[in-house]
Amino acid sequence: MKNIKKITRPPLRDEIYNQLKHAIITLQFQPGERIKDTDFAEQFGTSRTPVREALKRLETEGLVESLPGSLTRVTLLNEKEAKHAFTVVAALHSLATRLAVPLLDQSHISLLEKYNEQLRSSLEEKDSINAVLADDCFHDVFILASQNTEISLALERVIPKVRRLEFAKFKTLEGLSSVQQHKEIIEACKHKDVELAASLVQENWLSLGRLLTGESL
């Protein structure tokens, strides 16, 4: 056995990727905004190589694009693309719920109630960052409980398109409708009603998509 030490932290390119992805999704970088790898390299205190690797990964996910003249920019919001993403996201979360519900116990129910309360509070305070975080945590309970890593891997690619549009139109969201939908999901989970819970989760995402895109899904 060769003397190879375990890596205790993620590669630098992954750290850069995660930070840039979060900044793009939360609109710290506006759609269409030009970005330069040299600027990021200076800010991160690194060479341009890990920055370029991170940007290339973001480009494959449709969050940045390269244009003629060595220009790189954040992609523009595309509601048609987001509409298609919503149908995929809804189906994947519904599948996760269907797999997870038979495995849920009281600790999972408590987490669902906790995150839904955090969502309610954040929406009332018009706190978009924490509202989206609470919503992600709510649905992550099902993803983790489903014990199917392929679902989370598939969602990783499409969910940013959904969330970026949600941040852009956060002020248009209608009150606490999602909170009420979550309560109905929780009740279905308590009764181990797999099909109802899966259906409610799918509708939860599709209704958000209709609200944000103005189209039927």
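Everything numeric here is computed off the predicted structure, so don't read it as measured data.

Caption draft 1: Here's a closer look at helix α3 (residues 48-60). Counted at 1.5 Å a residue, the expected span for α3 with its 13 residues is 18 Å, and the 18 Å between its end C-alpha atoms agrees. Taken residue by residue, α3 has P50, V51, A54, L55 and L58 as its buried positions. All buried residues of α3 lie within an arc of 135 degrees about the axis, which places them on one face of the element. Where α3 is buried, its residues contact α1 (12-25), β1 (34-35), α2 (37-44) and β2 (64-67). Following α3 by one or two positions, G62 adopts a phi angle in the positive range, close to 80 degrees.

Caption draft 2: Highlighting the environment of K21. By secondary structure assignment, the location of K21 is in helix α1. Of the residues examined, K21 reaches a relative accessible area of 11% and is grouped as buried. Sequence spacing of K21 and A145 is 124 residues, and the spatial spacing of their C-alpha atoms is 26 Å. Within the structure, the side chain of K21 is placed 3.5 Å from the backbone oxygen of E156, a separation counted as a polar contact.

Caption draft 3: Examining the sheet that holds β2 more closely. Overall, antiparallel pairing links the 3 strands, which are arranged β1-β3-β2 in an open sheet. Because the sheet does not close on itself, it has two edges, and the strands there are β1 and β2. Pairing of β2 with strand β3 (residues 71-74) involves 4 bridges; the strand directions are antiparallel. Paired with S66 across the bridge in β3 is T72.

Caption draft 4: Summary view of the layout of surface pockets. Reported here for the largest pocket is a volume of approximately 640 Å³. Along its surface, the largest pocket is lined by 23 residues, and I25, D136, D140, I159 and R163 are the ones closest to its centre. Put simply, the parts of the chain that give the lining of the largest pocket at least two residues each are α1, α6 (128-146) and α7 (149-168). In terms of residue count, α6 provides more of the lining of the largest pocket than any other element does, 8 residues in total. Tallied by class, the residues present in the lining of the largest pocket amount to 12 nonpolar, 6 polar and 5 charged.

Caption draft 5: Here's a closer look at α7. Its 20 residues place the ends of α7 29 Å apart at the C-alpha level, agreeing with the 28 Å of an ideal helix rising 1.5 Å per residue. At V158, α7 shows its maximal kink, close to 45 degrees; a proline, P160, follows between one and four residues later. Listed in full, the buried residues belonging to α7 are I151, L155, V158, I159, P160, V162, R163, R164, L165, E166 and F167. On the buried face of α7, the contacting elements are α1, β3, α4 (79-100), α6 and α9 (194-213).

Caption draft 6: Representation of the pattern of salt bridges within the structure. Throughout the structure, instances matching the rule amount to 16 salt bridges. Between R57 and D14 there is a salt bridge; the shortest N-O distance is 3.5 Å. Placement of the pair is R57 in helix α3 and D14 in helix α1, with a sequence separation of 43 residues. You can call R57 partly exposed: its relative accessible area is 32%. What you see here is one network of salt bridges that share partners, running through D135, D136, R163 and E166.

Caption draft 7: Structural context of the packing of aromatic side chains. Per the counting criterion, the structure on display carries 2 aromatic pairs. For the ring pair F29 and F40, a centre distance of 5.6 Å and an interplane angle of 70 degrees mean the geometry is edge-to-face. Of this pair, F29 sits in the loop between α1 and β1 while F40 is found in helix α2, placing the two residues 11 residues apart along the sequence. For the pair F138 and F142, a centre-to-centre distance of 6.0 Å together with 70 degrees between the ring planes defines the contact as edge-to-face. Highlighted residues: F138 and F142, both in helix α6, separated by 4 residues, approximately one helical turn. The burial state of F138 is the same as that of F142; both residues are buried.

Scoring rules and cut-offs
Residues numbered from 1 in each chain as written. Predicted model: local features only at pLDDT ≥ 70, side-chain atom pairs only at ≥ 80, totals over all residues. Heavy atoms only, no water. Helix = DSSP H or I, 4+ residues; strand = E, 2+ residues; numbered from the N terminus. Expected span 1.5 Å × (residues − 1). Buried < 20%, exposed > 50% of the residue type's maximum accessible area, 1.4 Å probe, protein only. Arc of directions from axis to C-beta. Contact = heavy atoms within 4.5 Å. Polar contact = N/O pair within 3.5 Å; in protein donor to acceptor, adjacent residues only side chain to side chain. Pairing = 2+ DSSP bridges. 1 Å grid on protein atoms, 1.4 Å probe; cavity = no way out; pocket = protein on both sides within 12 Å on 5 of 7 lines; lining within 4 Å. Points joined across faces, edges and corners; volume = space filled by probe spheres on them. Nonpolar A, V, L, I, M, F, W, Y, C, P; charged D, E, K, R; others polar. Bend = angle between axes of the 7 residues up to and from the residue. Salt bridge = Lys/Arg side-chain N within 4 Å of Asp/Glu carboxyl O. Phe/Tyr/Trp six-rings, centres within 6.5 Å; stacked < 30°, edge-to-face > 60°.

None of this, on its own, says anything about what the molecule does.
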